[in-house]
Each structure stands twice: as C-alpha cells, then as structure tokens.
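# Fold and contact review
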Amino acid sequence: MSVVTRFAPSPTGMLHIGGARTALFNYLFARRNGGRFLLRIEDTDRERSTQAATDAILDAMQWLGLTPDEPPVMQSVQVERHAAVAHEMVSRGTAFRCYVTTEELQARRDLGEQKRLAAREEGISEATREALLAEASQLLAPFRSPYRDGAPAPSADAPFTVRLRAPESGPRTVDDGVQGSVTIDASEIDDLVMLRADGTPTYMLAVVVDDHDMGVTHVIRGDDHLRNTFRQVPIYEAMGWDVPKFSHVPMIHGNDGAKLSKRHGALSTTAYRDMGYLPEAMKAYLLRLGWSHGDQEIFTDEEAIAVFDVSGINKAPARLDLDKLATVNAHFIRLADDERLFDLISPILSAGKPLTANEEQRIRAALPHMKDRGSTLIELAAAFDFLRVNRPLEMNKNARKALSDEGKFRLKGLGDELQRMSQWSGASISETIKSYCAATGLSMGQIGPPLRAALTGGLPAPDLAPVMEWLGREETLARIDDQLAS
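Here is a short report on the structure shown in this document. Values in this document were obtained by computation on a predicted structure and should not be read as measured data.

Cut-off values and rules
Residues numbered from 1 in each chain as written. Predicted model: local features only at pLDDT ≥ 70, side-chain atom pairs only at ≥ 80, totals over all residues. Heavy atoms only, no water. Helix = DSSP H or I, 4+ residues; strand = E, 2+ residues; numbered from the N terminus. Buried < 20%, exposed > 50% of the residue type's maximum accessible area, 1.4 Å probe, protein only. Contact = heavy atoms within 4.5 Å. Areas by Shrake-Rupley, 256 points an atom, 1.4 Å probe, with all protein chains shown as cover. Lys, Arg positive; Asp, Glu negative; His and termini not counted. Charge placed at Lys NZ, Arg CZ, Asp CG, Glu CD. Salt bridge = Lys/Arg side-chain N within 4 Å of Asp/Glu carboxyl O. Pairing = 2+ DSSP bridges. Axes fitted to C-alpha atoms, helices over the stretch in contact; angles between N-to-C directions. Right-handed = clockwise from strand over helix to strand, strands pointing away. Polar contact = N/O pair within 3.5 Å; in protein donor to acceptor, adjacent residues only side chain to side chain. Core = buried A, V, L, I, M, F, W, Y, C linked by side-chain atoms within 4.5 Å. Expected span 1.5 Å × (residues − 1). Arc of directions from axis to C-beta. Phe/Tyr/Trp six-rings, centres within 6.5 Å; stacked < 30°, edge-to-face > 60°. Lys NZ or Arg CZ within 6 Å of the ring centre and 35° of its normal.

On to the overall build of the chain. On a plain count of helices and strands, the chain comes out with 20 helices and 12 strands. Oriented by its inertia axes, the alpha-carbon framework of the chain measures out at about 110 × 60 × 45 Å. The buried share among the 486 residues of the chain stands at 49%. Intrachain contacts of the chain at a sequence separation of at least 6 include 76% that bridge at least 24 residues. Accessible surface computed for the chain: about 23,500 Å², of which carbon and sulfur atoms make up 50%. Taken together, the 56 basic and 68 acidic charged side chains of the chain have centroids lying 3 Å from each other.

The structure is reproduced here in structure tokens:
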C-alpha cells in the first residue's frame, strides 16, 4: 500500500504551532514511507474562513519547507460531491432524511438540562431524584432520530437534514497508532447530520469523502478528534470504503501543564519566524515536542525522515519550553551557511538605519566568528552593534570609568604602536598588543578596558584583536583618537 497522509487546517486563523507539528508529523511519515503528503484547506465554514487565513497557512507551510506533493485541495469546491455521497447513502439505507428541526433539538436539550438541575434540588425523594436523572440522561444522550426507522414526513414539503444511521449497539473499536486500542459502545454514537437543511455538507461528511477521494491511507491529527473518529468510521463502512489508519496526537500544553494559550507563547508559526527562529530549528524542536527516538535530542530533516514513526509519539501532552527552543535555534544558527545567515539578518540590521557598504563588509567578516552570539536572529543581529555605532562613540558608565586619565595615557602609547603597524591583521594586532604590554610592564587587564571602551563604547564584543581587524585600520585608529581628544 502506498502511504498517503494529509494536513487539513481550517482557514479561520493563523497556523499555530500545534497545527504546524501535526503537519510535520504527516510530512515525515509520508517521506519515511516513500509516500505522498497532501494539503487540504477545510474552508466550508464560509462565515469564519478567510482568504487571508488561507494565505497565512500556505506562507507558514512554505517557510517550514512542508511542501505538499500536489496543489492544495479547497474543500469548498467539493460540496456537490459531498452531497452526492449523502444521497447515495440514503438510497443504500445507511442514511435517512430527518425532519426534526433545530428548535426541537434545542428544546430536547433544554428539557434534559432542566431535569438534571431539578435532580439537585433538596427535599425530593431518592426515587424522584433517580427518575429525573434517568430522564435527563436519556434526553442528553447521543441523538437517535425517530425518523431512522421510517417514520413518515410531517408534510410533503417539510425541510429535512440527512443523518447517518448510526450503529445499533455493541462495542466499537479503533486501533489507534498513538492511543492504542480504544473502545466505546455504539450507543455513544449519534445519528449525526451529514447534510444540513440547506443542503450543505457538515464537517463529519466532508472530511470522510475528501480523505477517501484523495486516497488518504493514514490520518494523523490531534487527539481532540478521537471522538470524531468513531462517528466517521461508520460513513466509510456505509460506502464500502477502506478505513484509513488513525493516529491521534496529544495536545501541546504550557510549561505549567495547563492548556496552551498566548501567555505560554502559543503564537502563530510565522510569529516565531518574525522573532528570529530558523525553520529547521522550529521543525527540530516541534519534532521532539512529544516524540522521541533513542537519546538523540536534535534532528536534521534527513535524520528525522530516516527514523520517524508514529510509535515514537507519546500519549501524554507535550509541554512547550521556549528556553529549549532557543537552545535548538542557537544550534542551527551555528550550523547555518554564512551567506544565508547574512541574508536573514540584513533586514533586521537595516530596520533601524540602512546598512552601509563599510558596515556590510565588517559584518560579513565578523559573522563566521560571531554565530554563537545569539539564540535568535534578532539577538545575533544586535551582537553586531559595536561595528555600526557612529563616531564619536557614546560611552556607557563602565566605558567612561575605563577611560580615566591613566587609561587614556596607556591607550595613547598603544595607539602610537598601532599607527606604526605595516600589516593589519588579527594576528599582527595581537602581537603588537603583547609587545606593547611587555615593553611597558602592563598587563592585558590594564590596557584591555580602555582599549575596549574606545572601540565599542562598552557594547558587548568578542576579543579585541579580531574586532580591530573587522573595523579596519582607519576606523580603529579614528575611534581611539576620538577618545584621546575628548
């Protein structure tokens, strides 16, 4: 059997990280098994679905590199096909026309709630309480329509829905790839609506028809859909279709164990891009968020494809850990190609003020040696501030302290030695500083602070010799002269 998976988001908002992880699992499973990964946009909710949300989902998928093997399927264009299946099921006797109105169903539920609340009242007998609870349970139980067994329509032109004829009784079992064997009683499955009174399909019907027509063999989705599976399998059976293998993935929780929300960092996937995370880091982190393979912590795409299987997904909810994400991102920043990394940080660097040609040259020279200076692209871009400050540099408190009269005296002597250098490189600069210290009896602890202050104004920076090499002779000596003249 050729494996086909799908990711099927609803375009009612941004793609959040829970959905991105589900998409990743489907993508990896398909790639691991030499199959196909498909994308379906479930846009049948016309009131809530928007083109902007669809575009945002596609943008996030593209950023993550989760490219489907075929163009996305828009569920809304399949509505005639969905309706045709529902009517075919009516002709087969596996579905039926139901004339119970929405108002009647609501009245039934309301009466059930009233009886349930009445059973809590004080002063009633146990027998009355039990009777009220039994009536409430029956009224609030999964709905079985009186029309399923052929009751006549109230009138020739009465509006109707099309409902599934749910299984009568007995155990119903789903062998889930993550949750294991899960069994419920058929009495817990309702005669679900497949076509509304206006003829439009419901999600329950549409998703089954679309998965069948797309040839989906494995459905990997959130465990909030586990209950839906027991309602959808009878539709497959009613049509004589192969039932896909289901795997229901636990939700992602916050680091406090509570349901994930914005206060935990439950942002859209592209928000993490804007915060300076790399797509390969997001995928590596989301992969390990509820899945494991041995002791390996970080996987490349190729490594993940080679070993991924749903059997490695944990049953318990995963917990979002932004500190761990930052660590993973820092790892991939260090591995990133220099040219690509520069292209990624350039817009960040240019956001405040345009990047000059000299600044670009300095940053390109420094970048291979500065990759460990940030866990996000924004932090990394900020690490180059010392190469971009305008002269004369503004000194912070520590820098001003280092540039005391004594500090400037020492700096003047070193500056004279630097002026006489014939070759400007990190190695020759380092040697000149050592020679100056040896000749004057100074330690690096005595000459380093005023030199660092003059070069950076107190901004964070790495070792001074490479800093001076990146700045170049002219800029280095000019920054020193600025402070000696102040």
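Right, let's get into the environment of Asn-228. Along the chain, Asn-228 falls in helix H7 (residues 226–239). Between the C-alpha atom of Asn-228 and that of Gly-457, which follows or precedes it by 229 residues, the distance is 62 Å. When neighbours within four sequence positions are excluded, Asn-228 is seen to be in contact with Tyr-203, Met-204 and Arg-221.

When charged atoms on two side chains of opposite charge get close, those side chains can pair. What the rule picks out here adds up to 36 salt bridges. The partner of Arg-40 in a salt bridge is Glu-42, with the nearest N and O atoms 2.9 Å apart. Glu-42 matches Arg-40 in its accessibility class, with the two residues each being buried. As a salt-bridge pair, Glu-135 and Lys-115 come within 2.7 Å of each other at their nearest N and O atoms. Taken together, the positions of Glu-135 in helix H5 (residues 126–140) and Lys-115 in helix H4 (residues 102–118) put the pair 20 residues apart, joining distant regions of the chain.

Here the focus is the sheet that holds strand S5 (residues 161–164). Pairing is antiparallel across the open sheet formed by 3 strands, whose spatial order is S4-S5-S8. The sheet terminates laterally at strand S4 (95–98) and strand S8 (193–195), the two strands that pair on one side only. Recorded for the sheet is a direction-independent mean angle of 45° between the axes of neighbouring strands. Across 4 bridges, the pairing between S4 and S5 is antiparallel. Of the residues in S5, the one forming a bridge with Arg-97 is Val-162.

Moving on to the pairing of strand S9 (residues 218–222). A regular strand places its side chains on the two faces of the sheet in alternate fashion. Across the 5 residues of S9, 5 count as buried, placing the element largely inside the fold. In the sheet, S9 pairs with strand S10 (residues 245–249) via 5 bridges, with the strands oriented parallel. Pairing of Ile-220 across the sheet is with Ser-247, part of S10. Handedness of the crossover joining S9 and S10 through H7 is recorded here as right-handed.

Here we take up the side chain of Ser-425. By secondary structure assignment, the location of Ser-425 is in the loop between helix H16 (405–419) and helix H17 (426–440). On the basis of relative accessible area, Ser-425 is assigned to the buried category, the value being 17%. Reaching out from Ser-425, the side chain makes a polar contact with the side chain of Ser-428 at a distance of 2.9 Å.

Ile-345, Ile-363, Phe-384, Leu-387, Leu-418, Leu-451 and Met-468 are the most contacted members of the largest nonpolar core, which has 52 residues in total. Ignoring sequence-local partners within four residues, the contact set of Leu-451 consists of Leu-411, Leu-414, Ile-433, Leu-464, Met-468 and Ile-480. If you look at the next biggest cluster of nonpolar residues, it comprises 42 residues, including Phe-25, Tyr-27, Met-61 and Phe-308.

What follows covers H4. The terminal C-alpha atoms of H4 lie 24 Å apart, and with 17 residues this matches the ideal 24 Å at 1.5 Å per residue to within 8%. Inspection of H4 places Leu-105, Gly-112 and Ala-118 among the buried residues, and these make up the whole buried set. Looking straight down H4, one finds that the buried residues subtend no more than 150° of arc, so they occupy a single side. Within H4, the exposed residues directed more than 90 degrees away from the buried face are Thr-102, Glu-103 and Gln-114. Summarising the contacts, the buried residues of H4 are in contact with H5 and S5.

Counted under the stated rule, the structure contains 7 aromatic pairs. Ring geometry for Tyr-27 and Phe-37: centres 5.7 Å apart, planes at 90°, overall edge-to-face. You can see Tyr-27 sitting in helix H1 (residues 17–32) and its partner Phe-37 sitting in strand S2 (residues 36–41), a full 10 residues away along the chain. By the ring-pair criterion, three or more aromatic residues cluster together here, those being Phe-25, Trp-291, Phe-299 and Phe-308. The positively charged end of Arg-364 is found above the aromatic ring belonging to Phe-342, 3.9 Å away from the centroid.

Here the focus is the side chain of Arg-148. Positionally, Arg-148 belongs in the loop between H5 and S5. Take Arg-148: its relative accessible area is 5%, and that puts it in the buried class. From its side chain, Arg-148 meets the backbone oxygen of Ala-166 in a polar contact 3.1 Å long. In contact with Arg-148, other than residues within four places in its own chain, are Phe-96, Arg-165, Ala-166, Glu-168 and Asp-191.

Next up on the list: the sheet that holds strand S1 (residues 4–7). Strand order in the open sheet made by the 3 strands is S1-S2-S3, with parallel pairing throughout. At either margin of the open sheet sits one strand with a lone partner, and together these are S1 and strand S3 (73–74). Strand direction decides the pairing type here: S1 and S2, joined by 4 bridges, are parallel. Its bridge partner being in S2, Phe-7 is matched across the sheet by Leu-39. Each of S1, S2 and S3 touches helix H2 (residues 51–64); the most contacted strand, S2, lies at about 160° to it.

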